[in-house]
Amino acid sequence: MSASTPTKHLASCIFCKIIAGEIPSFTLLSNDKVHAFMDIGPIAKNHALVIPKYHAPRFTDTPDEYAAEILPAAKKVAKAIGCDEYNILQNNGRNAHQVVDHVHFHIIPKESDSDDSGLGIGWPTQGLSMDQIKEEYEKVKSRM
Ligand code: 5GP
Ligand code: ZN
């Protein structure tokens, strides 16, 4: 890791403890930026997690050096889970179902539609008009 790479660790964080080896994990991949391991409360067989080795609660707080390593690791894990249908999920905030406040990406196999394992997704289409979408677009664009 270069001298300019930011680091951050929170002693009370369960995922920082996993990174530090203070509590065990079923490690799939570990390098200087990311750690991938099996989820111990899986919603499907082979449910795995990829986390940056930097303590940040929200994805938007993750330094780019770490964020850049997440997707290649997630891709490697997704290839290894033995299921070619899967969801990649990253929750931010309690309303968005985040429980552990250290950024993590879920890799969740979706075996079939007929059992209840894997991610269930609501997709509440809001029926916005093109004018409404354009109005929202202008606001988002102005913040980019
Ligand atoms: P969230 O709802 O925050 O997106 O998901 C947190 C995930 O972390 C859950 O799927 C939960 O099972 C998993 N998890 C929580 N504590 C531990 C732990 O100590 N070890 C592992 N391997 N997974 C954990
Ligand atoms: Zn942490």
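In what follows, the structure referred to is the one given above.
For clarity, every value in this text was computed on a predicted model and none was experimentally measured.

What counts and what doesn't
- Residues numbered from 1 in each chain as written.
- Chains lettered and ligands numbered in written order.
- Predicted model: local features only at pLDDT ≥ 70, side-chain atom pairs only at ≥ 80, totals over all residues.
- Heavy atoms only, no water.
- Phe/Tyr/Trp six-rings, centres within 6.5 Å; stacked < 30°, edge-to-face > 60°.
- Helix = DSSP H or I, 4+ residues; strand = E, 2+ residues; numbered from the N terminus.
- Buried < 20%, exposed > 50% of the residue type's maximum accessible area, 1.4 Å probe, protein only.
- Lys NZ or Arg CZ within 6 Å of the ring centre and 35° of its normal.

Engineer: Just give me the short version of the packing of aromatic side chains, but keep the residues and values in it.
Structural biologist: Applying the stated criterion across every chain, the model contains three aromatic pairs. When the ring of Phe 15 is compared with that of Phe 37, the centres are 5.5 Å apart and the planes differ by 80°; the resulting orientation is edge-to-face. One end of the pair, Phe 15, is in helix α1 (residues 14-19); the other, Phe 37, is in strand β2 (residues 34-38), with 22 residues separating them in the sequence. Phe 15 gets classed as buried once you look at its relative accessible area, which sits at 8%. By relative accessible area, which is 3% here, Phe 37 ends up buried. Measuring from ring centre to ring centre gives 5.6 Å for Phe 59 and Phe 105, while their planes differ by 80°; the resulting arrangement is edge-to-face. One end of the pair, Phe 59, is in the loop between β3 (48-52) and α2 (64-80); the other, Phe 105, is in strand β5 (residues 105-109), and 46 residues separate them in sequence. Take Phe 59: its relative accessible area is 35%, and that puts it in the partly exposed class. The ring of Tyr 66 has Lys 33 sitting right over it, with the charged end atom 5.9 Å from the ring centre.

Engineer: Quick one: what's the story with unusual backbone geometry, residue by residue and with numbers?
Structural biologist: A positive phi angle, near 70°, is found at Asn 46, a position not held by glycine. Among the secondary structure elements, Asn 46 is positioned in the loop between β2 and β3. If you check the backbone angles, His 97 has positive phi at about 75° while not being a glycine. Positionally, His 97 belongs in the loop between β4 (86-89) and β5.

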